[in-house]
Amino acid sequence: MNPTASAERVTHARVLAIAGPIVISNLSTPLLGLVDTAVIGRIPDPALIGAVALGATIFSFLYWGFGFLRMGTTGLTAQAVGADDIDEVRTSLGRALIVASVAGIGLIALQWPIGRIAFSLLSGSAEVERHTHAYFAIRIWSAPFTLANFALLGWFIGRQRARTALALQLLLNGTNLALDVTFVVGFGWGVKGIAAGTAIAEIMAALAGLAIASASLKRMGGHWDRAKLFDADRIRRTITVNRDIMIRTLCLVFAFAWFMAKSADMGDVQLAANAVLMQFVSTSAFFLDGFAYAAEALVGKAIGARMRERLVEAVRISTVWAAGTAVFLSVVILAGGPWFIDLLTTAPQVREAARIFLPWAVLTPLLAVWSFQLDGIFIGATCTVEMRNAMIATLAFFLLAWWLLAPAYGNHGLWGAFMIFYLLRAGSLFYYYPRVTAAARESLTSR
């Protein structure tokens, strides 16, 4: 590691050097979701689109609950990089992979009760549930590899190896795309083909990531320190950070799952229309995540290096780029939304319903950008207690907003509550922001 690296200024070019590859890699993920929907949408049956949407929601709930493997690893690794602690950079990955392996095997072993709980919460028509069961039964087997991918991605981002993260994501999503088309269009496997393509791609990406990480560790130097790997204080800190992020993420995913569940309650057509519109939301999120990831890495490094000025630079510059990107995304969705809807589905009733509610998708980036950036800042600073508390409060108010709005305004009420959710995420984090900067300042001066 370069001992002078921590003294580097945070510039627009540096932010873009991290965010750019992350945005490109993230783009391949929503594009894959678009392809999944478009491929299955060639079959004019709303139940198939709904099944893929519900199946993806189940795994989002499962895997996003373990998002701490990506986020916690990024923050802890970035701080170790800033402190020039090579052994801790190494053991940060080791601890994350151990957790990923144990948790992934546990998900496979518990697939029956997990499935029962998931299908009791996410109810659709009998046809939708039949196809969703098939999707779940196939994709669950890649769980350990999916979680390992989270850990590897967080480690590479924490080291500001954004191009490596890009390569792995392109491998994952490119393989998935090719297999989806082959299995669904070529072999006629339907929803099972979408699930199989995703599972195989996740396994291939994890194996490639482990190979790249192994070679990188050899070049980095240092050694595996068993005492550090199992140091009680470091493990306690890792568990605390990961626990808080896990609770925060479960609340976040619950909100998205609730949105899809209530969409399903309104019928297959409305479920399919909302699933199509959520592709716009997902695409926007992955754009904005690029700058949030840059904030994570740069804020974490500044704290590890005990450099307050770099912390301020990281927050300011990454947020400027994120806000500009949010405006751009809303304009694109407004101008091209109807065309993209027609691309994603051939079902006339789904197209019509999606057009009615398109303005909500246009509004989403403008409201979501602030919570994304604050998430990145909090993760880089490993100020996770505040993140947890803010999200718990936000989820409670989101459910209250849904309860008040949905009975009177139907799907408009559901979308309105979802927008309130984004506003409350940002507002609650901003409320805690002075406390976070104070905690970061104490960390910077007390090390």
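Residues numbered from 1 in each chain as written. Predicted model: local features only at pLDDT ≥ 70, side-chain atom pairs only at ≥ 80, totals over all residues. Heavy atoms only, no water.

Draft legend 1. The arrangement of the overall build of the protein chain in detail. Along the backbone of the protein chain there are 16 helices and zero strands. Looking at the protein chain as a whole, 59% of its 447 residues qualify as buried. Excluding contacts between residues fewer than 6 apart, the proportion of contacts in the protein chain whose partners are at least 24 apart in sequence is 86%. Summing over all exposed atoms, the protein chain offers an accessible surface of approximately 17,600 Å²; the carbon and sulfur share of this is 69%. (Helix = DSSP H or I, 4+ residues; strand = E, 2+ residues; numbered from the N terminus. Buried < 20%, exposed > 50% of the residue type's maximum accessible area, 1.4 Å probe, protein only. Contact = heavy atoms within 4.5 Å. Areas by Shrake-Rupley, 256 points an atom, 1.4 Å probe, with all protein chains shown as cover.)

Draft legend 2. Inspection of the packing of helix α7 (residues 143–158) against helix α9 (residues 191–220) at higher detail. Look at α7 against α9: their axes get within 9 Å of each other, and the N-to-C directions meet at 35°. In the packing of α7 onto α9, the handedness of the crossing is left-handed. Facing α7, whose interface residues are Phe145, Thr146, Ala148, Asn149, Leu152, Trp155 and Phe156, α9 presents Glu202, Ile203, Ala205, Ala206, Leu207, Gly209, Leu210, Ile212, Ala213, Ser216, Leu217 and Met220. Of the residues in the contact of α7 with α9, the class split is 14 nonpolar, four polar and one charged. (Axes fitted to C-alpha atoms, helices over the stretch in contact; angles between N-to-C directions. Left-handed = near helix turned anticlockwise from the far one by under 90°. Nonpolar A, V, L, I, M, F, W, Y, C, P; charged D, E, K, R; others polar.)

Draft legend 3. A look at the pattern of salt bridges. Under the definition given, this model contains eleven salt bridges. Notably, a salt bridge pairs Arg70 with Glu296, separated by 2.5 Å at the nearest N-O pair. Of this pair, Arg70 sits in helix α3 (residues 68–82) while Glu296 sits in helix α12 (residues 268–304); the two residues are 226 residues apart in sequence, bridging distant segments of the chain. Accessibility assignment for this pair places Arg70 and Glu296 in one class, buried. Here the salt bridges do not stand alone but share partners, grouping Arg243, Asp244 and Arg388 into one network. (Salt bridge = Lys/Arg side-chain N within 4 Å of Asp/Glu carboxyl O.)

Draft legend 4. View of unusual backbone geometry. The residue Gln160 is not glycine, and still its phi comes out positive at about 60°. One non-glycine residue, Thr382, adopts positive backbone phi at about 50°. Exposure remark for Thr382: the relative accessible area of 16% places this residue in the buried category.

Draft legend 5. Representation of the environment of Ser125 in the model. Mapped onto the fold, Ser125 is located in the loop between α5 (111–121) and α6 (126–139). For Ser125, a relative accessible area of 25% translates into the label partly exposed. Considered as a pair, Ser125 and Gly50 are 75 residues apart in the sequence and their alpha carbons are 9.4 Å apart.

Draft legend 6. Spotlight on a nonpolar patch on the surface. Taken together, the side chains of Val327, Val331, Leu363 and Leu366 define a hydrophobic patch exposed on the protein surface, amounting to about 310 Å² of accessible area. Topologically, Leu363 is positioned in helix α15 (residues 358–380). (Patch = residues over 30% accessible without salt bridge, like charges linked within 9 Å, V, L, I, M, F, W, Y side chains within 5 Å.)

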